[in-house]
Amino acid sequence: MRIPIATIIKIFVDESYDTYISIESARDDDSDGGRKVTRKEVWTIATNLIFRIGPKVEMAILKRNTDHILINYRWKVLSILASSLTELPTEFERAKRGDNKIDRKEAIEIIFNVLKKSIPTIVDSLNDDIE
């Protein structure tokens, strides 16, 4: 299998520019952390980059020049799950308030509950794509 290196490089260059713009807007005085980029902003910028690049690179490697619904939907579901994970630091802090500790069982339960909240969004997304 031949990998289209030039196409993949073009994808990364194009998306790097969009990521630069996102970083600059996160450093704006009006952003969440002011001039300081917050962890949440870093997470959002990084995951957005991954989920914009991922399907394009996959389609380039598979030599699909048109959108393929399964590839796009898989990446959309992964994006929704990653987006829901932005709630984890808040949920962990909330759980630590009493004794300032979280055991493994509590951590797994918190992660499960955060991811479970994203199921309606995933289902709605599938319904929108089908219609």
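Everything numeric here is computed off the predicted structure, so don't read it as measured data.

(A) Layout of the confidence of the model for the protein chain. Summarising the model, the protein chain shows a mean pLDDT of 85, and 94% of its residues fall at 70 or more. Here helix H6 (residues 119-130) stands out as the least confident element of the protein chain, with mean pLDDT 82; helix H5 (residues 104-116) is the most confident, with 91.

(B) Looking closely at the environment of Asp18. The residue Asp18 is located in helix H1 (residues 5-26) in this model. For Asp18, a relative accessible area of 34% gives the class partly exposed. Considering only alpha carbons, one finds Asp18 and Asn48, 30 residues apart in sequence, at a separation of 10.0 Å.

(C) Quick peek at the pattern of salt bridges. Summed over all chains, the structure comprises eight salt bridges. Note that Lys96 is salt-bridged to Glu93, the shortest N-O span being 3.4 Å. Within this pair, Lys96 and its partner Glu93 are both found in helix H4 (residues 88-96), separated by three residues, close to a single helical turn. Judged by its relative accessible area of 25%, Lys96 falls in the partly exposed class. For Glu93, a relative accessible area of 45% translates into the label partly exposed. One connected set of salt bridges, linked through shared partners, spans Glu15, Arg52 and Lys56.

Conventions used here
- Residues numbered from 1 in each chain as written.
- Predicted model: local features only at pLDDT ≥ 70, side-chain atom pairs only at ≥ 80, totals over all residues.
- Heavy atoms only, no water.
- pLDDT = per-residue confidence, 0-100.
- Helix = DSSP H or I, 4+ residues; strand = E, 2+ residues; numbered from the N terminus.
- Buried < 20%, exposed > 50% of the residue type's maximum accessible area, 1.4 Å probe, protein only.
- Salt bridge = Lys/Arg side-chain N within 4 Å of Asp/Glu carboxyl O.

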